[in-house]
Amino acid sequence: MWTFLGPQATLFVALPWSPNVPNLQVGTHFLSSNPSEAGIARPAWQSSHDTSIVWGKAIGNSSDPAYVAAGAIPWLLVEISGAKPGFAGQPGLAQTTYIQRLSTSGGVAPATGCDGAGYGRVALVHYTTDYYFYLSNERK
């Protein structure tokens, strides 16, 4: 059985009004120690623009086949559990209160290759998704 190690993704934004312009990298997504929770490992999203970062924990998910494609990782609702402003105190992603992962494709662990002969191997599994970052109307 495969063991999930953590996310590793590059976040891009496409400019729909400029289809000939390459997608722009806006962030990275990875597993990181959350200083707001005594170092608990949580999924993190970090801005390429100002280095602000948020950590989150899933509070809801869906694999409903009416929405989630076969062979795709679940859709998630993530609540922010830690945040750090970017350089020069820029709030950036640190203002985020929730993140949604929707429209997933791929990302499911391989069905084969996890046996005694493959012990210790790592499989990087390609996936695509749309992340939506939400900011509460109630400013802290």
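Please refer to the structure placed before this passage.
What counts, and where the lines are drawn
Residues numbered from 1 in each chain as written. Predicted model: local features only at pLDDT ≥ 70, side-chain atom pairs only at ≥ 80, totals over all residues. Heavy atoms only, no water. Salt bridge = Lys/Arg side-chain N within 4 Å of Asp/Glu carboxyl O. Buried < 20%, exposed > 50% of the residue type's maximum accessible area, 1.4 Å probe, protein only. Patch = residues over 30% accessible without salt bridge, like charges linked within 9 Å, V, L, I, M, F, W, Y side chains within 5 Å. Areas by Shrake-Rupley, 256 points an atom, 1.4 Å probe, with all protein chains shown as cover. Helix = DSSP H or I, 4+ residues; strand = E, 2+ residues; numbered from the N terminus. Phe/Tyr/Trp six-rings, centres within 6.5 Å; stacked < 30°, edge-to-face > 60°. Pairing = 2+ DSSP bridges.

(A) Structural detail: the pattern of salt bridges. Under the criterion given, the structure shown has 1 salt bridge. Ionic pairing is found between R42 and E37, a salt bridge with its closest N-O pair at 2.7 Å. Look at R42 and you get buried, because its relative accessible area is 19%.

(B) Focus on a nonpolar patch on the surface. There is a patch of nonpolar side chains on the surface, built from V13, V21, L24 and V26 and spanning about 270 Å² of accessible area. Here V26 lies in strand 2 (residues 24–34). Given a relative accessible area of 37%, V26 falls into the partly exposed group.

(C) Structural view of the packing of aromatic side chains. For the structure on display, the rule yields 2 aromatic pairs. Between the aromatic rings of W45 and Y131, the centroid separation amounts to 5.9 Å while the plane-to-plane angle is 75°, which identifies the pairing as edge-to-face. With W45 in strand 3 (residues 40–47) and Y131 in strand 7 (residues 127–134), the pair connects residues that are 86 residues apart, well separated along the chain. In this structure, W45 and Y131 share a single accessibility class: buried. Ring centres of Y67 and W75 lie 6.1 Å apart, and the angle between their planes is 50°; this geometry places the pair in the tilted category. What makes Y67 exposed here is its relative accessible area of 56%.

(D) Fine view of the pairing of strand 6 (residues 98–106). As paired strands, strand 5 (residues 75–84) and strand 6 are joined by 4 bridges and run antiparallel to one another. Bridging from a neighbouring strand, E79 pairs with Y98 of strand 6. Note: strand 6 against strand 7, 7 bridges, orientation antiparallel. Looking across to strand 7, one finds that Y98 is bridged to Y134.

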